Structures are given as structure tokens and as C-alpha cells.
Amino acid sequence: MTIQTSLGRRGFLASTTAVAGGFSLGFHVPFLDDGAANAQAGVRELNAWVVIHPDDKVVVRIARSEMGQGTLTGLCQLVAEELECDWNKVTWEYPTPGQNVARNRVWRNFSTGGSRGIRESNQYVREGGAIAREMLIAAAATKLNVPAGELTAANSVITHKGSGKSVRFGEVAAAAAALEPPKEVKLKDPKDWKIAGKPIKRLDTVEKVTGQQIYGMDHTMPGMLVATVRACPVIGGKLKSFDAAKIEKMPGVKKVVAIDGNAVVVVADTYWNAHTALAALPTEWDVGELGKVQQDQIKATLKAGLDAPEAFVGNKAGDAKAAIDGAAKKVTATYSFPYQHHVTMEPMNATARYTADKCEVWCGTQNGEAALAAASEASGLPVAKCEVYKLMLGGGFGRRGRSDYVRQAVLVAKEMPGTPIKLIWSREEDMTHCQYHPITMAKLTAGLDKDGNLVGLHVRISGQSILASLLPQNLVNGMDPATFQGLMQTGVEAAYGYDVPNLLIDHAMRNPHITAGFWRGVNVNQNAVYMECFMDELAEAAGQDPLAYRLKYLKPKWAAVLKAACDKAGYGKPLPAGHFHGISQVMGYGSYVAGVAEVSVADNGQVKIHKITAATNPGHVVNPAQIDRQVAGSFVYGLSAMLYGEITVKDGAIEQTNFDTYNMLRMDEMPKVETVLVPTHDFWGGVGEPTIAVAAPAVLNAIAKARGKRVRDLPLMHHELKKGA
């Protein structure tokens, strides 16, 4: 099956104003507090995923976090499909991580990242819907006094084939809830889906458009105070001293608190008063030798790693070095990819309330259970006495997978027991205390035979390890497997698509003091730039077309998605004067993706990206319209990184502090995006992250054709592309 969709920025704006009505989109936390009232009102939980009201309203509980990627709606579609309910009566709510722990993790994984929300939980949420359906049918059979096998469910109504008698879900929900759930259920074949697989409008759009949606920044409580924080500008530095007396009498100031030995917090009646007082607070930092680290030193360290004798091997076949040494032609290129910031529109924030017997946190988080653990650790209370109420995320992209801001909020709340404290990071604090996309370089060396065939390839990556920064316990004998995303030998996650007879891909780990973190798309992003731009260089050296050259080495699923993108884009056909095509492909997060960029470069060097055609094989498609939007959104991220994204270090600290020094793609720069879905229905892949990676290399390959010069060091803003330059 091939599904073709197209979304431009105007189409997006139009779609957000033409939202469907009729949904009950109540947002309530925590949902279990009114269990007695719900029971009295006839509201029944059939299982952890499905709650049915007497009026047939269906509440689907969603453990994964919604941060704009559409996981919420997709998971509801999967549950509703198996439940056979009326989609117009579906709403949702978040269970809490505390309840998940108390109920033996009945909702399983609360983590939302790596494009895993749907692909990892589809099986058990579908089973939740199917089990609830069978329980409702069993209850209806008793009520109608007919065999269950003669009943069918559709649109929240259970009907007896022979007599035509029927009952609504809400009429038998209470009786169904008292039944023993079936131990096994049969799930639908995706070809029979009526709700899943369809471009249904999102469940969270109405409240976002009307401004009713509650994000962490919006959360309020009686008696709440507001705090803001300033940590040592040099990561790893310490707080030496501060003079609270200088600001204690400023308007609204309630308390000045030092936390974690490296930060100071001002608590006030409003954010502005807290922010103003913190800016006036005399503070001294102890940065030690880290205060001497400069960007050039970091780059020099990485550059030395490109030829270091020792490296971790991530992918190996044959004898690459011997094949290259004996080749008729040798091609070498060095690429680099800088630190990147997540730049979520909503800076980090959390509201915490602490007492001797209870610690509660309200926040947006990509990992509710990690936030719960952070609250427990910071409060000193057992997990059973802590709770986290998830709010909608104003952007995540990997950043809210960490819970440092939750920890800080709890530490401040402990200083003022019983008082709710909303801790808000300023944009400057957010920019300078992130966990950044890692900085890396790559040296690629290939050997070609006399006919231009690739006989040997060595890819040496030098740079930072995310696991070494955040999860050193997950290193494998010192190696970070995640570094090789998109370049791995085998696997269902991010395998290498080229069949090269002699191959060596290794990593010289070099870890500066800047914390590396998971940034949307993670290491597939730079690895796709390195590999796909170099494949164009090899095609040029061989005197062959880039598509034809790739197809000689690509494995079937990688080749199929690339051909689909090229066919839709009209690759190889005449383009308007001055327009050029660039291509790229990669496997990431279990999906196969490819991109074709149509680009022009004006005489003054201005780059115009006219269109990107993207093909995606995610295995199964739950909501094609949402995939369309995720592809377009991912290109905003990937193109911003390629054009402008660069975090740099001066005197050990981050130089960029706000959007004036860290630019993002503007709406008038956004290309037309055309998405082609080519699902093969034999696996479950991700959507939100894999396509990011194909944007930059496709555009860079088109620029190389347009100008006859290749950009190997990002971002593009540092390169002169004027005609004749």
C-alpha cells in the first residue's frame, strides 16, 4: 500500500482551525482520587486502559506522554479499534506513575522517547481494548439471555444477530467490570481496521487551539509561590558564595536558597519578582580548570581522535584497511556536527509541594516514573509517599526525559514545607544548562576499484558519548552502542543499509565536560549526514548517478523506500532552471526513511529549499495524517540544525543564551513537504524521529550539485556560497 499526503505550513494553519467538535476533552489529575464518586455515578473501569461511563463515554488511559507528536491520539485509536466503540465518545486521561507502581506497573512503560510510544506499546494497549470488548459482550449476553457468540459490537452498541436486540456499552459496563477478564483475545488484522489506520483528527487539538490546555507553566495552586534558579555557568562548577541580604527586601522576595552546591534559587510571589531579584543577587562561582576550556580545544581533541590508534568497533566486515590500501582509487573526507540545543518552547519547570508525609509534583515529563524517582530521592520520602501528576509538555525532544528540574523544584519546596513552589527556568538558564546533542567528527575513507565500485570503507567517528554522560552503567565494555545509530551491523532499531564487502565503522570516544544528551533523532542525525553525503562523493568519484550508485549496495527495504521518494519527487526528470535534487536515506527507530530535496542557490549565496519529498516505511500506519505532520515537523528540526544550529563553549560555559544567538527555521523558510507512506505491515517502526536525519544530507547533496562545492562542517550559516566564491 502506498499513501500519498502533503502538508504545507498554510495547510497546517488551516487544519488547526477546522477541528472537529463533539469530543469531551476533560483533563483531570489525578483521576483515581474520585474513585468512590465515579463508582456511585456508574462509571466503571473494565481494565487499566478502559473506563466506560453510563452515557457511553469511553475514557482511554494513556501512560505515554503527549508532546505534540500525536502518540495520545494514536494510542486511543488502537484501543478504540479493538474496543469497537464510538470514536466520537472517546476521551482520555493520564494515569499517574505513583498509581502505576502501586498497581504493579499495570500500565508498564511511562517513558516516551526514541519514537517508542506506539511501536512498543501497541500490542498491550490493543489487548486492553479487546479484553474490554469481550467483557462487555459477555455482560450483554447475560442481560439479553443469548449466547455471547451470537453478539457483535460496533459503535458502542452490542447487537444480537438473530433478534436484533441491542444494548449500549454504558448499560452493561458495571456488570462487565465485575467479570473475570478473558486470558486470551484475538486482535484484528490491520487490513480490517476502521479507526486505526485512518487520518483521524487529534484528540488534543481543540483545547490547544482554544487555550484551555494546561501545560506546566500554566499550573496554579492556592498559596503558590514562584521560584527561579541560576546554576553555575560552567557545567561541573560550584557555587562559592552569594549575598542574600542584598536582595531579601526586594519586592515579593520570600526566600533565597542554595541547592546542590552549584545553584542558587530565589522564591517570590511572582516570576518577574523572582527573576529580577536573582539578576541582582551578588554571586561568586568556583569553576576551577573547567573555566579555561574553549571551543577550539574541544575541536582539537576530536580532530586528534580521527587518527587515534584505538577505537571501539561498532560494525566490521572483511578487511577494510587492506581493501582500501589495494584499491585503484582512494577517497577521503572529514565531516563535523556541532552541539545542538533542544530549544523547547516551554522552558523547564515543575511545581512541587512537600510535607513530612507527602511530596507531590506537577510537571510535563517524558518519563513519569523517572520524575517520580527524582521526587523521592530529592524529598527523602519513599516512592509510596510521592506522586507526579503529568501535564502536557510544551516540547520535549529528549530534554524532558531527564528530571533535573523536578529535583530542583522538590529541593526548594523542602525549604518551605506545605507551600506549593513553581520553579521556572529562565530561557537563558534553559539554554545554558541543557544536555546537548553530542559534538562529533567523522573521517570517511573509501577504496574504489577501476570501475568505481566500492570495495572498502572505513568510517571513524570521534566525539562524545551520550551514555558516558548520562547512563555510564549502560556502556558495553566501555563502548557506547548508541553512537553507531544508523550504522549498526544488524538489528531492528537502526541498522546499516549498505552491503559493503569490506567495512569498518569505529568510534574514538572523546568526552568534553559539556553534558551530552538525547536530542530528537539522536545519533542517526549526524551519522546520516556523514554517510549519505559521502556516498554522493563516492558516486561523483566513480562518475555515476547518486541514486544508481546507492542502489548497487542498498539492501531491499532501504532501496525500496529510496526509490519511492525518488519516484514521487521526479528524480532524474527536468527541474526548473537553477534547481537541483539531493537524496538521502537511513534506517532509524525501526523505520526506513528517505528524502529528496529540491534546492536552489542564488548568486548571492542564498539557499532556497523548495520542497522535500519524504518516503517512510514504518511497518504499520496508525494515523497517516499524523505521520504527515511529524515528517514536516521533523524537517523543521533537521533543517534548523543544518542551517543555524550550533552551541559553542567559551571559558567553559555555553555562549548562546537565547533565540537571538541560537536561530531557528522561520516559517517563510519552510519548504513544501510531500510525504509518501509505503508500509509493509510486517513490523512496528517509529515516526517522530527517523525522518529528521534525511533532511540535512539531502539538502547538502543538492547544494553540492548547485555550487560544485561541498559543505562538510555544519552549520551552513558559516559557509560562503556566493557564485564564484
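Residues numbered from 1 in each chain as written. Predicted model: local features only at pLDDT ≥ 70, side-chain atom pairs only at ≥ 80, totals over all residues. Heavy atoms only, no water.

1. Regarding the environment of glycine 149
For the record, the criterion: Helix and strand labels come from DSSP, where a helix needs a run of H or I of at least four residues and a strand needs a run of E of at least two; each type is numbered from the N terminus. Per-residue accessibility, obtained with a 1.4 Å probe over protein chains only, is compared with the maximum for each type, and a residue is labelled buried under 20%, exposed over 50%, and partly exposed between these values.
Along the polypeptide, glycine 149 turns up in the loop between helix 5 (122-144) and strand 6 (151-154). By relative accessible area, glycine 149 is classed as exposed at 68%. Sequence separation between glycine 149 and histidine 160 is eleven residues; the distance between their C-alpha atoms is 9.2 Å.

2. Points about the domain arrangement of the chain
In many reports, interface size means the accessible area that the parts give up when they come together. The cut-off we apply is this: Residue ranges for the domains trace back to a domain assignment, done automatically or taken from a database. By definition in these notes, contact holds between two residues if any of their heavy atoms fall within 4.5 Å. Here's the idea: put two parts together, see how much 1.4 Å probe accessible area each one loses, and the total over both is what we call buried area. Within this document, salt bridges are pairs made up of a side-chain nitrogen of Lys or Arg and a carboxyl oxygen of Asp or Glu, the two lying within 4 Å of each other.
Taken domain by domain, the chain comprises domain 1 (13-209), domain 2 (216-287 + 348-424) and domain 3 (295-340 + 436-718). The centre of domain 1, based on its C-alpha atoms, is set 39 Å off from the matching centre of domain 3. Counting residues at the interface gives 25 residues for domain 1 and 20 residues for domain 3. Interface area, domain 1 with domain 3, both sides summed: about 1,500 Å², of which 54% is carbon and sulfur. At the boundary of domain 1 and domain 3, one finds two salt bridges. Here arginine 116 ties to glutamate 493 by a salt bridge, and the two come within 3.6 Å at their closest N and O atoms.

3. Considering the pattern of salt bridges
Within the structure shown, the criterion is met by 36 salt bridges. Measuring nitrogen to oxygen at the nearest pair gives 3.7 Å for the salt bridge that ties aspartate 56 to lysine 89. Separated by 33 residues along the polypeptide, aspartate 56 in the loop between strand 3 (50-52) and strand 4 (58-61) and lysine 89 in the loop between helix 3 (71-83) and strand 5 (90-93) bring together distant segments of the chain. The closest approach of N and O atoms between glutamate 134 and arginine 133, which form a salt bridge, is 3.0 Å. Judged by its relative accessible area of 31%, glutamate 134 is partly exposed. Take arginine 133: its relative accessible area is 11%, and that puts it in the buried class.

4. Notes on the packing of aromatic side chains
Threshold: Here a Phe, Tyr or Trp ring, Trp counted by its six-membered ring, pairs with any other such ring whose centre lies within 6.5 Å, and the pair is stacked when the planes are under 30 degrees apart, edge-to-face when over 60, and tilted otherwise.
Going through the model one piece at a time under the given rule, you end up with twelve aromatic pairs. Judged by centre distance (5.1 Å) and plane angle (75°), the ring pair of tryptophan 92 and tyrosine 94 falls under edge-to-face. The same class applies to tryptophan 92 and to tyrosine 94, which are both buried. Judged by centre distance (5.6 Å) and plane angle (75°), the ring pair of tyrosine 592 and phenylalanine 683 falls under edge-to-face. Note that tyrosine 592 is positioned in strand 24 (residues 591-601) and phenylalanine 683 in the loop between strand 28 (672-677) and helix 19 (692-707), a separation of 91 residues in sequence. There is no split in this pair, since tyrosine 592 and phenylalanine 683 are both buried.

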